[in-house]
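As a plain string of letters, each chain reads:
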Amino acid sequence: MSLSLSLSSPFAKHQYRGCFVAAVARDFGERRLYRKHQHHPLPEGKRRREQNLICNGRILERRRVKTTTTVYAKVTTSSSSSSSSSDQETTQSLNVNAKRGKILLEKWSQKTQSFAELATVPLLAVTLPQILLNQQNIVQGNSHLLAGISYEGYACGCLGNLLLLSYFSAIDEPAGRNIQAIGVVNTVFLLSQLFFTGNCGDVNLATYAACVSVALFGVFSAYFKKKMFSDPTARENACALYERALGVVGYTFVPYILSHALFKTSTEVSQMLALGAFAIISLRCANDYFGWSEKKNVNFFALEQFMKVKWQTLMGWTATLLFSLLPIAQISTSTTDPSNIASLSLVAVVLGGAGNALMFARAWHIRDWCWSLGSFGGSAVGSWGVLLTMFNYGHKQVSWGVFAALSALYWGWVAFVMWYDDQCKKKANI
């Protein structure tokens, strides 16, 4: 009844007719579009646009959702791919920079090795002129002129060279080992000149022969250890005995030398300090033999870390303290009595500082604090410090221009080495 009434009204007939015509037109458009795409297939994007234009109702709404989803997926994919590509480019650039930094660091490492090897020349030139002058005096019959040379000072230097020779052999640093070996050989030859001309005080032949034998054994064992002993057990025992004997001697006499030279203590006080050092190092030897530190019921208190330090490291630090602090005695003597400055050679001071400064580059690069402190102390205190006293007290060879030029050259070199080494390691991500 309601249907007939609705259809009987003119307005209802018109509304029904419009809906029917729209439905027929929509159906016709879809079929037409379907036939058109069968004969002439269009791209996906264009087909959707044409459908959207013809189908203006339900289909438009459905297609719009799909199109939006598809476009969003494409945008997401492109953004993720772009971000991944940018990440890959960043990673590649970082890898390239790291490789370049490592190459730069390797080149700098080779240069520091060359600097350390070059240090042999100025350090050799410090002792060689004195040896040649002594030989000239001996040939001319003026051996009494050698009495002014302190054999104690050269003996202490030889002891320090032997200690450092064992240290550099242990860390496998050929440049430092070569320098110390050359120093030992030169000092032994100079002491031989003094001994055979009767300028070594009360030293007898047995003592001289024992000291020279130990020194030469240290040099040969540093280079020909495997050839000297075919049996590994015998080689290990002999080298351990040599290192402990040399360590005991060095650790005992260095406090005596430094206290007597720096603080001008009496002989009795210096001997007490040496005796205390001998007791400590003897306790270390006993601990190595009996293994007390490994037992829980033995406590060494402050000496706990001392008992665990390697012998080579202990010997290296002992020699470093000797070479770094001993020049202070020369500075103290020069300031107390300026007339002693006239006996100093400017050339020897500059050559010693140049050799230690060249070694400082290698020591700082490998971050060996024992070697770094020794080379820096030897150059800053033993060379620049002595040069400063020579300048302050009006030495005729050291003018303001010479002192300023040498100071700028030395401190500029130290600053450059520290800065450039840090930059190379940063670029190599170390």
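Remember, it's a predicted structure, so these values are computed and weren't measured experimentally. Starting afresh in each chain, residues are numbered from 1 along the sequence in its written order. It should be noted that, the model being predicted, local features are given only for residues of pLDDT at least 70 and side-chain atom pairs only at 80 or more, the latter also being counted only at that level, while totals for whole chains, interfaces and linings use all residues. Water and hydrogen atoms play no part in the side-chain values, which are based on all heavy atoms of the structure.

**A few points about the overall build of the chain**
Thinking step 1. Counting its regular elements, the chain contains 14 helices and 0 strands.
Thinking step 2. When the helices and strands of the chain are placed in sequence order, the string is α-α-α-α-α-α-α-α-α-α-α-α-α-α.
Thinking step 3. Think of it in three bands: residues with accessible area under 20% of the maximum for their type are buried, residues over 50% are exposed, and the middle band is partly exposed, with areas taken using a 1.4 Å probe on protein chains only. For the chain, the residues scored as buried account for 36% of the 430 residues in total.
Thinking step 4. Computed with a 1.4 Å probe, the accessible areas rest on the Shrake-Rupley method; for each residue, only the protein chains presented here act as cover. Split by element, the accessible area of the chain, about 25600 Å² in all, is 64% carbon and sulfur. Elements are defined by DSSP. Helices are runs of H or I of four residues or more, strands are runs of E of two residues or more, and each kind is numbered from the N terminus.

**What about a nonpolar patch on the surface?**
Thinking step 1. The patches described consist of residues with a relative accessible area above 30% and no salt bridge, like charges being joined within 9 Å and nonpolar side chains (Val, Leu, Ile, Met, Phe, Trp, Tyr) within 5 Å. Definition used for salt bridges: Asp or Glu carboxyl oxygen within 4 Å of a side-chain nitrogen of Lys or Arg. On the surface, a cluster of nonpolar side chains totalling about 440 Å² of accessible area is made up of Leu216, Phe220, Tyr223, Phe224 and Met228.
Thinking step 2. Mapping tyrosine 223 onto the fold places it in helix α8 (residues 205-228).

**Looking at the layout of surface pockets**
Thinking step 1. Approximately 300 Å³ is the volume found for the second largest pocket.
Thinking step 2. Mapped by element, the contributors of at least two residues to the lining of the second largest pocket are α12 (346-365), α13 (369-392) and α14 (400-427).
Thinking step 3. Under this grouping Gly is polar, as are all residues other than the nonpolar Ala, Val, Leu, Ile, Met, Phe, Trp, Tyr, Cys and Pro and the charged Asp, Glu, Lys and Arg. When the residues that make up the lining of the second largest pocket are grouped by side-chain class, the tally is 11 nonpolar, 3 polar and no charged. Using only the protein atoms, space was sampled on a 1 Å grid; points where a 1.4 Å probe fits but cannot get out form cavities, open sets with protein on both sides within 12 Å along at least five of seven lines form pockets, and lining residues are those with an atom within 4 Å of a point. Grid points are joined across faces, edges and corners, and a volume is the space filled by probe spheres set on the points.

**Focus on unusual backbone geometry**
Thinking step 1. The phi angle at aspartate 172 is positive, at roughly 55°, despite the residue not being glycine.
Thinking step 2. If you trace the backbone, aspartate 172 turns up in the loop between α6 (151-170) and α7 (174-196).
Thinking step 3. Taking the relative accessible area as the measure of exposure, aspartate 172 reaches 56% and is therefore exposed.

**What about the side chain of serine 375?**
Thinking step 1. Relative to the elements of secondary structure, serine 375 occurs in helix α13.
Thinking step 2. Within 3.5 Å is the distance limit for a polar contact, defined as a pair of N or O atoms, with the added protein rule that one can donate a hydrogen and the other accept it, and that residues adjacent in sequence qualify only through two side-chain atoms. Within the local environment of serine 375, its side chain forms a polar contact with the backbone oxygen of serine 372, the two atoms lying 3.2 Å apart.
Thinking step 3. Those residues in contact with serine 375 that sit more than four places away from it in its chain are Asn356, Met359, Phe360 and Ala363. Whether two residues touch is decided by their heavy atoms; if any such pair falls within 4.5 Å, the residues are in contact.

**A look at the environment of tyrosine 410**
Thinking step 1. Residue position: tyrosine 410 is located in helix α14.
Thinking step 2. For tyrosine 410, a relative accessible area of 10% gives the class buried.
Thinking step 3. Along the backbone, tyrosine 410 and tryptophan 384 are 26 residues apart, and their C-alpha atoms lie at a distance of 8.2 Å.
Thinking step 4. With near-sequence residues (within four places) excluded, tyrosine 410 lies in contact with Ala357, Phe376, Ser379, Ala380 and Trp384.
Thinking step 5. Only 2.7 Å separates the side chain of tyrosine 410 from the side chain of serine 379, close enough to count as a polar contact.

**Description of the pattern of salt bridges**
Thinking step 1. In the structure shown here, the tally under the stated rule is 6 salt bridges.
Thinking step 2. We note a salt bridge from glutamate 173 to arginine 362, for which the minimum N-O separation is 2.9 Å. On the criterion of sequence distance, the pair formed by glutamate 173 in the loop between α6 and α7 and arginine 362 in helix α12 is long-range, its members being 189 residues apart.
Thinking step 3. Classification of glutamate 173 by relative accessible area gives buried; the value is 5%.
Thinking step 4. Residue arginine 362 is classed as buried on the basis of its relative accessible area of 10%.
Thinking step 5. In this structure, the salt-bridge partner of arginine 244 is aspartate 288, at a minimum N-O distance of 3.7 Å. Here arginine 244 is found in helix α9 (residues 232-262), whereas its partner aspartate 288 is found in helix α10 (residues 267-290), with 44 residues between them in sequence.
Thinking step 6. On the basis of relative accessible area, arginine 244 is assigned to the partly exposed category, the value being 28%.
Thinking step 7. Its relative accessible area of 29% is what places aspartate 288 among the partly exposed residues.
Thinking step 8. Taken together, the shared-partner salt bridges in this structure form one network comprising Arg244, Arg284 and Asp288.

**A closer look at α10**
Thinking step 1. A helix is expected to span 1.5 Å multiplied by its residue count minus one. In this model, α10 (24 residues) spans 34 Å end to end at C-alpha, consistent with the 34 Å of a helix rising 1.5 Å per residue.
Thinking step 2. What α10 keeps buried is the set Ser270, Ala274, Ala277, Ile281, Arg284, Ala286 and Asn287.
Thinking step 3. Where α10 is buried, its residues contact α9 and α11 (311-336).
Thinking step 4. A positive backbone phi angle near 70° is found at glycine 291, which sits one or two residues after α10.

**Let's talk about the packing of aromatic side chains**
Thinking step 1. To pair, rings of Phe, Tyr and Trp, with the six-membered ring standing in for Trp, must have centres within 6.5 Å; the planes then decide the type, stacked if under 30 degrees apart, edge-to-face if over 60, and tilted in the middle. This model, assessed by the stated rule, comprises 24 aromatic pairs.
Thinking step 2. Ring geometry for phenylalanine 360 and tryptophan 364: centres 6.0 Å apart, planes at 25°, overall stacked. Residue phenylalanine 360 and its partner tryptophan 364 are located together in helix α12, separated by 4 residues, close to a single helical turn.
Thinking step 3. With a centroid separation of 4.9 Å and 70° between ring planes, the pair formed by tyrosine 410 and tryptophan 411 is classed as edge-to-face.
Thinking step 4. Among the residues examined, tryptophan 411 registers a relative accessible area of 36% and is labelled partly exposed.

**Some thoughts on the nonpolar core**
Thinking step 1. Leu162, Leu163, Val184, Val188, Leu194, Leu246 and Trp371 are the most contacted members of the largest nonpolar core, which totals 37 residues.
Thinking step 2. Counting residues per element, the ones that place at least two in this core are α6, α7, α8, α9, α11, α12 and α13.
Thinking step 3. When residues of this core are assigned to their parent elements, the largest contribution, 9 residues, is made by α7.
Thinking step 4. In this structure, Phe360, Ala361, Ala380 and Val417 belong to the second largest nonpolar core, which totals 12 residues. Note on terminology: a nonpolar core comprises buried Ala, Val, Leu, Ile, Met, Phe, Trp, Tyr and Cys residues joined through side-chain atoms within 4.5 Å.

**Looking at α7**
Thinking step 1. The end-to-end C-alpha separation of α7 is 33 Å, in line with the 33 Å expected for 23 residues at 1.5 Å each.
Thinking step 2. Of all 23 residues that make up α7, 17 are buried, and the element is covered over most of its length.

**Overview of the side chain of serine 372**
Thinking step 1. Residue position: serine 372 is located in helix α13.
Thinking step 2. Polar contacts involving the side chain of serine 372 include one to the main-chain carbonyl oxygen of aspartate 368, which spans 2.7 Å.
Thinking step 3. If we skip the residues at most four places from it in the chain, serine 372 touches Phe360, Ala363 and Trp364.

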